[in-house]
Amino acid sequence: MSVESTTGPLTTETGAPVADNQNSETAGIGGPGLIQDQLLIEKLAHFNRERIPERIVHARGAGAYGTFTVTADVTKYTRAKFLSEVGKQTETFLRFSTVAGNLGAADAVRDPRGFALKFYTEEGNYDLVGNNTPVFFIKDAIKFPDFIHTQKRDPYTGSQEADNVWDFWGLSPESTHQVTWLFGDRGIPASYRHMDGFGSHTFQWNNEAGEVFWVKYHFKTDQGIKCLTTDEANKLAGEDPDSHQRDLRESIERGDFPSWTVGVQIMPAAEAANYRFNPFDLTKVWPKADYPVIEIGKLELNRNPQNIFAEVEQSIFSPHHFVPGIGPSPDKMLQGRLFAYGDAHRYRVGINADHLPVNRPHATEARSHGRDGALYDGRHGGQKNYEPNSFGGPAETGRALWQPLPVSGATGEAEAAQHAEDDDFVQAGNLYRLMSEDEKDRLVDNLAGFISKVSRDDIAQRAIENFRKADADYGKRLEAAVQALRG
């Protein structure tokens, strides 16, 4: 990214030299200001427009550039060129974020962390938009706006309300697994460097022969997992709201480059229909005993952005940004995100957001027939803006990025097909039973502290019952803890 020269005289935005940047023009000494003062009007008008609408979710974030290096041969699973040979390197940009907080919120809070990774590949940009947890609260995108409304400020009180949060979670039992993750020891990472990342969704890989595989991505931190207790986080959030952003920037500045070991779980497509869980359900994991994590690469962050607004705020990520050999799955949350993310960027940053340096391809060139719109830079010159044309313009390849999936049945609103062990509680219970007694105590304390703030007994009891269905001991401990706090 080019940086403007700092030599020579100060100028206006159009290059005219500035004579006086300390005093605005007036009608005589002490008189009223003049509308003819180009510099004053330009500076104030630009200042009023320095912010674009913040992200509705994941507003609070930090980012860095890095390198992804392939460490294993995966060509029998995917034809993606950036994964085509061991040792191959691809430039990346990774944006971390919290989910619920606004742009000015603190970093050290109990909230999932976004883990959005852009690969600048020679076949175009590939965006992998995930979190630091392998699951999520809901499994269908139609519920996403409702869920986020419960996490944001109440329309009457202007604050996040425990009633709203627990009313929704209690009425959405599929959230039990993710809530158990969130209120456990890993719910508040000590830094962005000390947490794992996940693609979370299931994605399609396809090879040169057209064979299809379902995959899940894992990014295991090489720095080790470090987390904060509730008390530690509350103290840090008050004293240093920018703690995670600062930690990431300073670690890269001193050459202590954070890294993650990248792996995938791979499921042959034919095994999906009869797998014991719905493999496209975002509220569930694939147990590693069924599909082990296979190491495929190393991700390192080694360069800080030079301008946070230009490179972090205006960075855009969409799970619809695929490259040949990688594609979507029938995951209903993913299907909704394929539309929603791109639509958010078009509204928030603008129709030409993909032209910005942080977003445009770095290892190839975008060749489309899209033209005009706000901030269009005229890059296409006088080239024709339609296809097909006989003037030598870019044309279609005839080969899809991913393999088509067979479909059957009538259209309409429907739940996903049920698999043998598909319920909303089994994996939450399994996660609870994996914990040590101390971990269980902290989990219950964290949950009880929040549930006890609910004003209605029926909302609190419904929430507790979901955890009881996951594990009887889980529910019993939680009920006792909530009762003790509620008196």
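Residues numbered from 1 in each chain as written. Predicted model: local features only at pLDDT ≥ 70, side-chain atom pairs only at ≥ 80, totals over all residues. Heavy atoms only, no water.

Enquirer: Give me the lowdown on the overall build of the chain, citing residues and values where you can.
Expert: For the chain, the count of helices and strands is twelve helices and ten strands. If you line up the chain on its principal axes, its C-alpha atoms span 80 × 65 × 50 Å. Residue burial in the chain is summarised as follows: out of 487 residues, 47% are buried. Expressed as a percentage of contacts within the chain between residues at least 6 apart in sequence, the contacts between residues at least 24 apart total 74%. As displayed, the chain offers around 24500 Å² of accessible surface, 53% of which is attributable to carbon and sulfur atoms. (Helix = DSSP H or I, 4+ residues; strand = E, 2+ residues; numbered from the N terminus. Buried < 20%, exposed > 50% of the residue type's maximum accessible area, 1.4 Å probe, protein only. Contact = heavy atoms within 4.5 Å. Areas by Shrake-Rupley, 256 points an atom, 1.4 Å probe, with all protein chains shown as cover.)

Enquirer: Give me the lowdown on the packing of helix 3 (residues 162-171) against helix 10 (residues 437-451), citing residues and values where you can.
Expert: To describe two helices that pack against each other, one gives the angle between their axes and the distance between the axes. Contact geometry of helix 3 with helix 10 gives a least axis separation of 9 Å together with a crossing angle of 115 degrees. Residue-level contacts link Ala162, Val165, Trp166 and Trp169 of helix 3 to Leu447, Phe450 and Ile451 of helix 10. Within the contact of helix 3 with helix 10, the residues separate by chemical class into seven nonpolar, no polar and no charged. (Axes fitted to C-alpha atoms, helices over the stretch in contact; angles between N-to-C directions. Nonpolar A, V, L, I, M, F, W, Y, C, P; charged D, E, K, R; others polar.)

Enquirer: Give me the lowdown on unusual backbone geometry, citing residues and values where you can.
Expert: For the bond from Glu387 to Pro388, the omega torsion is 5 degrees, close enough to zero to count as cis. On the secondary structure map, Pro388 appears in the loop between helix 8 (332-348) and helix 9 (426-434). One non-glycine residue with positive phi stands out, namely Ser200, at about 65 degrees. Structurally, the position occupied by Ser200 is in the loop between strand 5 (197-198) and strand 6 (203-206). With a phi angle near 65 degrees, Leu375 is a residue other than glycine that sits in the positive phi range.

Enquirer: Give me the lowdown on the UniProt feature "domain: Catalase core" (unreviewed entry) in the chain, citing residues and values where you can.
Expert: When the UniProt feature table is mapped onto this chain numbering, "domain: Catalase core" (unreviewed entry) sits at residues 11-395. Secondary structure over residues 11-395 splits into 21% helix and 19% strand, and the C-alpha atoms at its two ends are 43 Å apart. (UniProt positions renumbered as here; feature names shortened; annotations may be inferred.)

Enquirer: Talk me through the pattern of salt bridges; I want residue IDs and the actual numbers.
Expert: Under the defined criterion, the tally for this structure stands at 36 salt bridges. The residue Asp127 makes a salt bridge to Lys118 at a minimum N-O spacing of 3.1 Å. Take Asp127 and Lys118: they sit in the same class, and that class is buried. Here Arg462 and Asp458 are joined by a salt bridge, their closest N and O atoms 3.9 Å apart. With a gap of four residues between them, Arg462 and Asp458 both fall in helix 11 (residues 457-470), about one helical turn apart. (Salt bridge = Lys/Arg side-chain N within 4 Å of Asp/Glu carboxyl O.)

Enquirer: Now, about the nonpolar core: what can you tell me, with residues and values included?
Expert: Counting 41 residues, the largest nonpolar core has Trp166, Trp169, Phe183, Leu447 and Leu478 as its most contacted members. Secondary structure elements with two or more residues in this core: helix 2 (144-151), helix 3, helix 4 (176-182), helix 9, helix 10, helix 11 and helix 12 (472-486). Residue contacts for Phe183: discarding those within four places in its chain leaves Arg110, Trp166, Trp169, Arg442, Leu443, Asn446, Leu447 and Phe450. Val70, Phe96, Tyr192 and Met195 belong to the second-largest nonpolar core, a separate cluster that totals 38 residues. (Core = buried A, V, L, I, M, F, W, Y, C linked by side-chain atoms within 4.5 Å.)

Enquirer: Residue-level account of helix 11, with values.
Expert: Quick reminder: α-helices carry 3.6 residues per turn. Residues three or four places apart thus point the same way. Look at helix 11: 20 Å from first C-alpha to last across 14 residues, which is about the 20 Å you get at 1.5 Å a residue. Of the residues making up helix 11, those classed as buried are Ile459, Ala460, Ala463, Ile464, Asn466, Phe467 and Ala470. Down the axis of helix 11, the smallest arc covering the buried residues is 150 degrees, so these residues share one side. In helix 11, the exposed residues that point more than 90 degrees away from the buried face are Asp457 and Lys469. As for helix 11, its buried residues are in contact with helix 3, helix 4, helix 9, helix 10 and helix 12. (Expected span 1.5 Å × (residues − 1). Arc of directions from axis to C-beta.)

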